[in-house]
Amino acid sequence: MSVTGSIQVAGQRIQVGVVHARKLVTVALDEHVVTIYDADTPIKAVPRRSTTDLNRTKAKHQITIPGQAQGRHQQS
């Protein structure tokens, strides 16, 4: 989720709310509905405006996990 609490899915920008900003969310695409989940809890469902199939996925920002290297290899 962006710092403003919005996400773009299948060319459709969805405003979820700043309370969810910078969270990792799951998006489910139905034929007529886009549903956004925080863990297993649905936080927003909106009508889907696009009828084309989703054929690629891309996350805009890299998610880092504390304690793991962030894209640089350490040499010994």
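That block above? That's the structure.
Below is a summary of the structure that appears in this document.

Definitions and cut-offs
Residues numbered from 1 in each chain as written. Predicted model: local features only at pLDDT ≥ 70, side-chain atom pairs only at ≥ 80, totals over all residues. Heavy atoms only, no water. Helix = DSSP H or I, 4+ residues; strand = E, 2+ residues; numbered from the N terminus. Buried < 20%, exposed > 50% of the residue type's maximum accessible area, 1.4 Å probe, protein only. Polar contact = N/O pair within 3.5 Å; in protein donor to acceptor, adjacent residues only side chain to side chain. Contact = heavy atoms within 4.5 Å. Pairing = 2+ DSSP bridges. Axes fitted to C-alpha atoms, helices over the stretch in contact; angles between N-to-C directions. Salt bridge = Lys/Arg side-chain N within 4 Å of Asp/Glu carboxyl O.

Attention shifts here to the side chain of Ser6. Tracing the backbone through its elements, the reader meets Ser6 in strand 1 (residues 6-9). Given a relative accessible area of 6%, Ser6 falls into the buried group. Here Arg13 takes part through its side chain, which lies 3.3 Å from a polar atom of the side chain of Ser6. Setting aside residues up to four positions removed in sequence, Ser6 forms contacts with Met1, Arg13, Ile14, Gln15 and Val16.

Further remarks concern the sheet that holds strand 4 (residues 33-38). Strand order in the open sheet formed by three strands is 3-4-5, with antiparallel pairing between adjacent strands. Every other strand in the sheet has two partners, leaving strand 3 (26-29) and strand 5 (41-47) as the edge strands with one partner each. Averaged over all neighbouring strand pairs, the angle between strand axes comes to 20°, with direction disregarded. Pairing of strand 4 with strand 5, which is carried by six bridges, proceeds in the antiparallel orientation. Residue pairing in the sheet places Thr35 in a bridge with Ala45 of strand 5.

In this section: the pattern of salt bridges. Evaluated as defined, the whole model comprises one salt bridge. In this structure, Lys23 and Asp38 form a salt bridge, with 3.2 Å as the shortest nitrogen-oxygen distance. You can see Lys23 sitting in the loop between strand 2 (12-15) and strand 3 and its partner Asp38 sitting in strand 4, a full 15 residues away along the chain.

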